[in-house]
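# Residue-level structural notes
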Amino acid sequence: MHRLAFASPAAEWVEALPIGNGRLGAMVYGREEHELIWLSEGSVWSGPGRRPDPHPVSAETARAAISASRAAIAAGDYVAAEDSLRLLQHSYPQSFQPLARLRRTIGAPAPEPSPQGDVVPERDGPAMLDDGIQRPAGYARGLDLRAAVAWTRGSGVDQRTFVSDPHQVLVIEVSASQRPVSFVLDSPLHLEHAEADGPEAWAVLRAPDDVVPAYQRVPDPVRWAEERRGVQAAVVLRALGGSVRTRSTSAGLAVEVDGDTTLIVAVQTTFTELGRDPEPDAAGAVARARGLCQTAAGIGVGRLHDEHAAAHFELYDRAELRLGNSDAAREREAIVADTDALVDAAAKGFADAPELVALLFNYGRYLLISSSRAGGTPANLQGLWNQQMQPPWSSNFTMNINLEMNYWLAETTGLAECAEPLFDLVAALSERGREPAARIYGSSGWVSHHASDIWAFADPMGDGTHDPAWAFWPFAGVWLSSHLVDRITFTHDDAAARRFWPMLTGAARFVLDWLEPRADGSLGTSPSTSPENRFVAPDGAVSSVAADSTMDLELSRNLLRSLLRAADDYGLRSESEDLCAEAEAALTRLPEIGIDSDGLLREWAHLDEMHDPHHRHIAHLVGLHPTNAPPTPRTAEAASRSLDARGDEGTGWSLAWKMAMRARLHEPQAVGRLLDLLVRRNIEVEPAPGGGRWRGGLYRNLFSAHPPFQIDGNLGLVASLVECLVQSHAGYLELLPALPSGLRDGEVRGLRARGGLVVDLRWSAGALTEATITPLPEGAKSVRVVHGSRERVLDLTTGRPARLTFTGISQEHAS
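These lines cover the structure that appears in this document, whether it is placed above or below. If you're wondering where the values come from, they're calculated on a predicted model, not measured in any experiment.

### Describing the environment of Gly 713
- Mapped onto the elements, Gly 713 comes out in helix 20 (residues 711–725).
- The buried category is assigned to Gly 713, whose relative accessible area is 2%.
- Once the C-alpha coordinates of Gly 713 and Asn 402 are considered, the two residues, 311 residues apart in sequence, prove to be 8.7 Å apart.
- With residues up to four places along the chain from it excluded, the contact list for Gly 713 reads Gly 652, Trp 653, Ala 656 and Ser 704.

### Here we look at the side chain of Glu 41
- As for its position among the elements, Glu 41 is in strand 4 (residues 34–41).
- Among the polar contacts made by the side chain of Glu 41, one reaches the side chain of Arg 23 at a distance of 2.6 Å.

### A short note on the sheet that holds strand 7 (residues 149–153)
- Read from one edge to the other, the open sheet built from nine strands follows the order 1-6-7-8-9-18-15-12-11, with strand pairing classed as antiparallel. The sheet is open, and its two edges are formed by strand 1 (3–6) and strand 11 (190–197), each paired on a single side. Across this sheet, the average inter-strand angle for adjacent strands is 15°, counted without regard to direction.
- Inspection of the sheet shows strand 8 (residues 158–164) paired to strand 9 (residues 169–175) by seven bridges, in the antiparallel sense. Its bridge partner lying in strand 9, Arg 160 is registered against Glu 173.
- The strands touched by helix 4 (residues 301–316) are strand 7, strand 8, strand 9, strand 15 (232–240) and strand 18 (261–269); relative to strand 8, the strand with the most contacts, the crossing angle is about 55°.

### Things to note about unusual backbone geometry
- The linkage connecting Gly 47 with the following residue, Pro 48, adopts the cis geometry, with an omega of 10°.
- Among the structural elements, Pro 48 can be located in the loop between strand 4 and helix 1 (59–74).
- Omega for the bond connecting His 706 with Pro 707 falls within 30 degrees of zero, at -10°, which places this linkage in the cis form.
- Residue position: Pro 707 is located in the loop between strand 27 (704–705) and helix 20.

### Some points on the nonpolar core
- Core analysis: the largest hydrophobic core is formed by 231 residues, its most contacted members being Leu 99, Trp 657, Leu 675, Leu 725, Leu 735 and Leu 761.
- What Trp 657 contacts, discounting residues up to four positions off in sequence, is Ile 401, Met 405, Trp 408, Trp 479, Ile 618, Ala 619, Val 622, His 625 and Pro 626.
- By size, the runner-up hydrophobic cluster in this structure holds 19 residues, among which are Val 149, Val 171, Ala 234 and Ala 285.

Calculation criteria
- Throughout, residues of each chain are indexed from 1 in the direction in which the sequence is written.
- At least 70 in pLDDT is required for a residue's local features to be given in this predicted model, at least 80 for side-chain atom pairs to be given and counted, and no such filter applies to totals for whole chains, interfaces and linings, which use all residues.
- Hydrogens and water molecules were not included; the side-chain quantities draw on all heavy atoms of the structure.
- Each helix corresponds to a stretch of at least 4 residues labelled H or I by DSSP, and each strand to a stretch of at least 2 residues labelled E; elements are numbered beginning at the N terminus.
- Three exposure classes are used, based on accessible area relative to the maximum for each residue type with a 1.4 Å probe and protein chains only: buried under 20%, partly exposed in between, and exposed over 50%.
- It only takes one pair of heavy atoms within 4.5 Å for two residues to be counted as in contact.
- For the purposes of these results, a polar contact is taken to be a pair of N or O atoms within 3.5 Å, where, inside protein, one atom must be able to donate a hydrogen and its partner to accept one; residues adjacent in sequence count only when each atom of the pair is a side-chain atom.
- Pairing between two strands requires that DSSP report at least two bridges joining them.
- Only C-alpha atoms enter the line fits that serve as axes; for helices the fit covers just the stretch in contact. Angles between N-to-C directions range over 0 to 180 degrees.
- The set of buried Ala, Val, Leu, Ile, Met, Phe, Trp, Tyr and Cys residues whose side-chain atoms join them within 4.5 Å is what this entry labels a nonpolar core.

Okay, here's the thing in structure tokens:
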């Protein structure tokens, strides 16, 4: 299952097909006569905004607010504790922006670009039928995941579109029986300059200086300054073939070609690096973009495509999941060949269409490859794709679950390179986060909070009126550090350990400074939130601020353990002896997680009643997943009860996280229930108990719904499926620990396990039949393998693959 295919064009953005090279992205609608393609570029954000000096939230103000909040918590006045923390709010992260809209017309002159400010998203183009979908005869469109190509075939129009990583250009090949082909480009961004010369036209677009998040509800959220401080993007169009005419207008660019053509699009911006201001002048970006177009034109379309496809395939082909009975495959060809039909087939459950689950696994990996590459920016809430100036939640880097979930699959499915932008962001935050750590918390470490942007925003969010349930949470850096640890444990990479050590020690320094002693000698955190939940206090008041949230304690424990393990494994203790000694002492004083009278894990140490017992966030279970320490039987039972109490229903990402946790608990039946919810079609629902309006599912293009679209649901599903097939967090390799009964037959190759191991599996009728374990060059020399009640220790000293067959559990070395 390596393609999406449809019998009608996209009627709206969440039906269009995504392509990208980790920096330049496009959403292709696949319309015949009047094509629409939305363009985006990962570094085009609003901002950077001014950094006030001195900061309005002074050290004195911050210390007083935290002190007042702690005193209110001690007195049992949790509402006052919440109010005090609003004094820490001053600003917000900036917003990811759309780049431009590209329209292609067959057989008619190019329409004029829209006036600025009149670029309207969604249902542009030809009229739709009553159900919103065109149904042209002889039409098909699709997305080839192996080649990273979006294609459209109609009655007289063929189009192939891809974004090359090797050559950093978007390529649109159009064959229209030699009819005229025209393109126009316009943008909701400010047009600073436009020019045309021969077969080439270019424009400079400027992003807003400030976009106020939607939750602040202001009448003029998109703001422009007179001086050019924000990101500028140079967009160059170059047409090949036939007689080419290009022109610039007051609203954008136009290109007309007399016959079949290939349009090459290059985009370069004034962005420099994460956490740094952009270049002040766009001349360099224009020169770079024009150079890319000219080089690509000289190479030729065939070579552009072949080198693009080869580079993409090298990443994509490292892992693959196949599901379903091969004997029945021929009978199901018609369903599998049409993505709409495949989703319909799963309407009563994924067991009726296991191929859809395999497709979603492969699609999720495709989406990470397309939205996150070395040298670019991290995948945000929408990956790399956006059409709105004020996107949901600013389409930023939301770090209380979403950004972390985006990258869980990087290590486990062989996409380590795709995590490099995340590591760059952590490095930027570890620099930018030192100032608020010192000013607000009096710490010499580094801190970051709920959300960030390409400018490495690290402060608490809000304008003084917003809910500390999400606005105050100083543990983002602590959680992000777990990705650094994962890289080390999955690869045994000494260079990575030394590269990450300053970031890990800075995050640990913050934790050790923030933990405060209790009367019984233990350590805790106060004030403390549990994203984004609220509780009912004993006096009936509702608040989000108390002491000792389970998430704070579990993330602290995980970071300090990981720090000490890395110090010993890589000979780094001598570089930070005092810090390691503090960490060892603190670990002995962190309390165990509490269990309430109903047998549920407590979300805060001393509070039992949650305001929303079905809340989508399950932050208090972070010690179950994704952290690495296996739970005690008592904790595991309480975690399972807690998941039962929360209920299965939730957003796309919440369903994926619950699924990973159920897999860690070895509960395949519960995994299956969640998988059913993840693969259903998305529909809008009214607020209701047991999940409210946050009902996950799939849009037509298989984007995961929060709703609205968030890419974490797609990427989290991949990671959760891996947890069902292979687990290595407990210090040994466990095979098929939580295979749901609906996935009776299948095989997977290329999964990664901690210790530098590659795992291939095959199973039939729910039973494992074969496993191959291959050590990477720096991988483990032996590994304990567990499957059900059977286990053995594999000798991997030869470096050759070890094959296990399960008629009996025996080892042989593959040649």
